Amino acid sequence: MIAVGTPKRTTEIASNNTKLAQRPDKCDYGNRELLSDPEQSRRFFLLQAKFPVVFVPFIKELKKLGPEAHYILMKMKTFMQNLPRGFLNFDVSPDDPDDIYLLSDHCLYAPREEDNEGGFYIPKGHHGRTIPNESNTFCVQWRYEYDGWSFLGRVLEHAAKISPTDVVVEEIIYLISSTLRCLDNYTAMDMLESLCAKLQIEDDVINIIGNVLTNAMQRKDVNVSVAAIDFFTALIPVLPHRVWEFLSNSNLLDRNGQGGMAAFILSSVEIISGDYRFTLAVIQMVNVLVKDAVIGKFSTLIQPEVRTNVLLPFTRHLANIYETFSYWKYENLSHRLDIAISISDLFSSILLAVYGIDEATDGINKINGVLVPASQHMLDRFLASDSKNLRCIQPIIGSIEASARSLQALADDPELLNRSYELIEAALIFAEKLTRVRTLLKRTPSQLELKLFGLAPALTQLFLRENVLRFRIMKLLNGMVDSVWDGAEAPSLLAHLGPSSAVTFVNALNKALESKRDMNTQNEIARFASAVFCTKQQGLSILLLTGKELGNHNGQDKKDTQAAVSLVQALEKKAEQFEELPVELSVNILECIALAQNSRATAVFDSRRNQEFLTKIFEMLDRGTGGRVTGLESADTIVRFCFNSLLAARAVQLCAVQLHKNTQGSAESKSIVDYFVKSDNLAKLADTAFRIQGYRSSLHGNLHRNFDKKWPMAKLIRFQRTSLSQKKNGPSYKYDLEMMDDIFSVDPIWIGYRSEIVQANLNLSLIDSQSHLFQAWWLLVAALLEHAEGDSKLLKALEQIAIQCLQINLDEGIMAPLFFPIVNERSQLAFVITQKLHAISTPSVHKRHFDFTKILSLAWAFISSVDVDFPQALTDGKKETYRPLLRILIVCARALKDTKADSNVSQIMSGIFEDIVSKAYMILGPEALEAFEESGNQHGEKVLNESAQDMLLVTSLLRDCLNIDGVL
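The notes below deal with the structure included here. Every value quoted in this text rests on a predicted model; they were computed, and no experiment measured them.

### A closer look at the overall build of the chain
Thought 1: Helix and strand content of the chain: 40 helices and 7 strands.
Thought 2: In the chain, which comprises 968 residues, the proportion classed as buried is 56%.
Thought 3: Residue pairs in contact within the chain that sit at least 24 positions apart in sequence constitute 74% of those at least 6 positions apart.
Thought 4: Just so you have it, the chain exposes about 41300 Å², and 51% of that area is on carbon and sulfur atoms.

### Details of the side chain of His335
Thought 1: Here His335 lies in helix α14 (residues 333–355).
Thought 2: What makes His335 buried here is its relative accessible area of 10%.
Thought 3: Beyond its immediate sequence surroundings of up to four residues, His335 is in contact with Gly274, Asp275, Tyr276, Arg277, Leu280 and Tyr330.

### With respect to empty space enclosed by the protein
Thought 1: By the definition in use, this model includes 2 cavities of 30 Å³ or more.
Thought 2: Lining of the second largest cavity is provided by Ala456, Leu459, Thr460, Leu477, Leu493, Leu497 and Phe505.
Thought 3: Counting only elements with at least two residues in the lining of the second largest cavity, the list comes to α19 (456–465) and α21 (493–514).
Thought 4: When the residues that make up the lining of the second largest cavity are grouped by side-chain class, the tally is 6 nonpolar, 1 polar and no charged.

### As for the packing of helix α16 (residues 394–405) against α19
Thought 1: At a closest axis distance of 8 Å, the pairing of α16 and α19 adopts a crossing angle of 50°. In terms of their interaxial angle, α16 and α19 are classed as oblique. Here α16 runs over α19; the crossing is left-handed. Residues Ile400, Ser403, Ala404 and Arg405 of α16 form the contact with α19, whose participating residues are Ala458, Leu459, Gln461, Leu462 and Arg465.

### Thoughts on the state of the cysteines
Thought 1: Applying the stated criterion to the full structure yields 0 disulfides.
Thought 2: Here Cys534 is not disulfide-linked; the sulfur of Cys592 is the nearest cysteine sulfur, at 9.0 Å.

### Some thoughts on the packing of helix α5 (residues 148–162) against helix α7 (residues 185–195)
Thought 1: Two elements in contact, α5 and α7, have axes whose closest approach is 7 Å; the angle formed by their N-to-C orientations is 50°. Here α5 is positioned oblique relative to α7, judged by the angle of their axes. Note on element contacts: α7 touches α5 through Met191, Ser194 and Leu195, opposite Trp149, Ser150, Leu152 and Gly153.
Thought 2: Grouping the constituent residues of the contact of α5 with α7 by class yields 4 nonpolar, 3 polar and no charged.

### Re helix α2 (residues 38–50)
Thought 1: If you check α2, its first and last C-alpha atoms are 18 Å apart, about what 13 residues at 1.5 Å a residue would give, namely 18 Å.
Thought 2: Within α2 the residues assigned to the buried category are Ser41, Phe44, Leu47 and Gln48. Summarising the axial view, the buried residues of α2 lie within an arc of 130°, below the 170-degree limit, and thus occupy one face. Facing away from the buried side of α2 by more than 90 degrees, the exposed set consists of Pro38, Glu39 and Arg42.
Thought 3: The secondary structure elements touched by the buried residues of α2 are α3 (56–62), α4 (67–74) and β1 (76–84).

### What to know about the sheet that holds strand β6 (residues 127–131)
Thought 1: Spatially, 5 strands are ordered β1-β7-β6-β3-β2 in an open sheet, and the strand pairing comes out antiparallel. Of all the strands in the sheet, the pair left with one neighbour each is β1 and β2 (90–92). In this sheet, adjacent strand axes meet at a mean angle of 35° when their direction is disregarded.
Thought 2: Pairing between β2 and strand β3 (residues 99–102): 3 bridges, direction antiparallel. Among the inter-strand pairings, Val92 is bridged to a residue of β3, identified as Ile100.

### What to know about the environment of Ile717
Thought 1: Topologically, Ile717 is positioned in the loop between α31 (697–710) and α32 (737–744).
Thought 2: With relative accessibility at 52%, the residue Ile717 sits in the exposed group.
Thought 3: Expressed as a C-alpha distance, the spacing of Ile717 and Ile357, which sit 360 residues apart in the sequence, is 9.4 Å.
Thought 4: Each residue touching Ile717, except ones within four places of it in the same chain, is listed here: His704 and Tyr735.

### Section: the pattern of salt bridges
Thought 1: Tallying each qualifying case throughout the model produces 44 salt bridges.
Thought 2: Notably, a salt bridge pairs Glu171 with Lys63, separated by 2.8 Å at the nearest N-O pair. Of this pair, Glu171 sits in helix α6 (residues 167–180) while Lys63 sits in the loop between α3 and α4, placing them 108 residues apart in sequence.
Thought 3: Looking at Glu171, the relative accessible area reads 6%, which means it is buried.
Thought 4: Its salt-bridge partner being Asp230, residue Arg181 comes within 2.7 Å of it at the nearest N-O pair. With Arg181 in the loop between α6 and α7 and Asp230 in helix α9 (residues 222–235), the pair connects residues that are 49 residues apart, well separated along the chain.
Thought 5: A residue is classified by how much of its surface remains accessible, and Arg181, at 24% relative accessible area, is partly exposed.
Thought 6: Residue class for Asp230 comes out buried when judged on its relative accessible area of 18%.
Thought 7: Connected through salt bridges with shared partners, the residues Arg628, Asp687, Arg691, Glu812 and Arg826 form a single ionic network.

### Let's talk about the layout of surface pockets
Thought 1: Approximately 520 Å³ is the volume found for the second largest pocket.
Thought 2: Lining the second largest pocket are 20 residues, with Lys297, Pro304, Ile364, Ile367 and Val370 positioned closest to its centre.
Thought 3: Per-element accounting of the lining of the second largest pocket gives the leading share, 4 residues, to helix α13 (residues 304–324).
Thought 4: Considered class by class, the residues forming the lining of the second largest pocket number 10 nonpolar, 5 polar and 5 charged.

Basis of the calculations
- Residues numbered from 1 in each chain as written.
- Predicted model: local features only at pLDDT ≥ 70, side-chain atom pairs only at ≥ 80, totals over all residues.
- Heavy atoms only, no water.
- Helix = DSSP H or I, 4+ residues; strand = E, 2+ residues; numbered from the N terminus.
- Buried < 20%, exposed > 50% of the residue type's maximum accessible area, 1.4 Å probe, protein only.
- Contact = heavy atoms within 4.5 Å.
- Areas by Shrake-Rupley, 256 points an atom, 1.4 Å probe, with all protein chains shown as cover.
- 1 Å grid on protein atoms, 1.4 Å probe; cavity = no way out; pocket = protein on both sides within 12 Å on 5 of 7 lines; lining within 4 Å.
- Points joined across faces, edges and corners; volume = space filled by probe spheres on them.
- Nonpolar A, V, L, I, M, F, W, Y, C, P; charged D, E, K, R; others polar.
- Axes fitted to C-alpha atoms, helices over the stretch in contact; angles between N-to-C directions.
- Parallel < 35°, antiparallel > 145°, perpendicular 65-115°, else oblique.
- Left-handed = near helix turned anticlockwise from the far one by under 90°.
- Disulfide = S-S within 2.5 Å.
- Expected span 1.5 Å × (residues − 1).
- Arc of directions from axis to C-beta.
- Pairing = 2+ DSSP bridges.
- Salt bridge = Lys/Arg side-chain N within 4 Å of Asp/Glu carboxyl O.

Following this line, the structure appears as structure tokens:
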């Protein structure tokens, strides 16, 4: 019987399939039309009537029927048998001479010799119909209902012993495999148990097929070996522990460097014949094993070491194949493509499973730790920093080089052409994942990346010619440019492109931006340009910004050194159509333009903004700022709000850059200041931008607590996405919902948790988008301060923003730890504004009057609140929280120096002396005094520790407070 732990099945086994109801979707239901076609249906029922005399043709037809095959075989109605002419154990029906019935029990299939069990018998009295036969036997179709699966299990057992490589064995195994894929786990278990019903009690169909595979590989029988591998692949979602157990003890794998049968079949049979069906079957099985390693993380039937010890040898084997497959001969070119595509995809999925989440955890302790040894082997081979062995990366390099030359030779074979596109796409994806993982893990720069930079001209040609590959090419270029080269100078993409290819590339990017389709590629173009402006690709930055290269180009045509229009200009033109664009694309384009305007490349060539474009920017700002949100809206509404907030953030960022670049009174700066000040937009928009709306604290608190209690070994925080995959506002924004579906869907309770994960991701999308908007406004206000002197209306508006920042902090408090940075930055912004107001007002002959008392009152209220808890914050070293507030108190105290303290100010001063000065001296005194003494003994620059620096601030505050008239 099937070893499942308890009779029939266990909950563990039933849950091994992540989506029971979806498994039948893996079948090809198009073939169910077989039974509706009269001619095909007639043929099928004739074959069924002749079974098992006509054996293999009927089995082949059953394979086409998907789940229907299970139910047809489960209740077979007839059994055809050839009987010798001398057979007398029957009588003829008086009504029909062709109808006979048995006088005693009759054997349909002989039992085993060793235990006389396993036979199939038909009881006496059953009727049959004689079929004309020209041989010395006569044929009878018995009308007898039996379980066809039990019969096939017995036939397989017998055939596997006497002729394990027979076509009967192969076809039975294929039928079992194809049917397994189409059934839910419960039905699949019933089918497997039916197959075992007539077998020896200590044996089962899995062991039999395992022995068939072992014998077939030893005999170099590829057909039966492929069928057996296919069976174990189909069995993984049903009984994974049996497959892992078999493979861990199988000679299929390499053991201690002694080689395995997988490598033996490849080298001794397939490379010679040019037929790689066995290797492809092995790759497919490993692919399903990797998925099961993720899905079955919490299975108690499979030890992690078993999975690791199976996957690592398989990974070595596949890496060896990937290194050499391009040198083999092929009878079928599609096998070459299938090998390359399937291994590239498999390796990419392993990298994503291991490094796409759980960044803070190392090694096998990661969520998908069983894949870590395999992934580490891949990285050691594909990300080697030396050039001793470059064969492993040659398939990636070679596929790009070859395709860049031409794919036109394949145009006459559309299927082959499409598969070739898949090959290049798989190589591009794999290369991108490798470059991003290298940066994520802070590994030494690799030879692969150097080679990829060298392929820049080839990538340009591929981008120009093949529209379907543009998105993946841009993703790879993003990964290359965005990578970190610590301790080494990053390769220059411009230098590797060369003058002609570089200009051609820019022109191609501009052309791609003109399209009203393929928005994904346009998003990646904008991200690519942003990455260029953020990194040390200075030469390329200038080319993207100006359309021209620097340097002496004597003798070269202008078209070879200058693009028709710069990429930034093309992006600006695209941005002006923002009403017609997806908001996400507008966001990425504006971010790129802002980074371009703020890059050092603008010191060489300046790209001026015109009034018309600024008007568009103001429209974007109006569209994205304002409105209220609770966090309880629909997913679509929240995502739309997020992108609109980001759009406003980029518009504000552009305004800040323009103010920073232009002098006070220039046309651009005047236009921006007027927009914010004359219409009172500054205070109105800032009030919305500085507040973080819709945070659902109870949702996050309860979710973390309940989730971590349910799955203590896989806490929620470990499922946060890493930089390996791009976060996108929506249901899978921060916590990788797809990965969690794979892992937790086996648990019925996951449905409820999943809904909360979706809500949490949407809510975090909402919070982060508003945080980006606030950050942009911070930059804008800082830029406005540079243009504020002499503009009383702007100064009063900025004063109001300082008051708003402190008031919002006081009103909202610190709702969760993730709000500490935002709260601290509000306080810091209030300090920057207050300091500027004081600096402007103090030396002025016509002293301006700002409400420093109001600012002082708000700063004191917040620093003395339970949210800040100054004594505890001082003890915990939360300097980012309390230092901006201390500095605001100091500036306000200095601003009030020549004024008479009223009762409110006097009360605040009393609180400062009691709750800040005295407590700071008590907490910091001894350590600060020791630091001052050590500093006095130092030569050269004096270095003070944090306590001493805080003590200086508090002492300064004390002195300035004492200088206020009426305090003492």
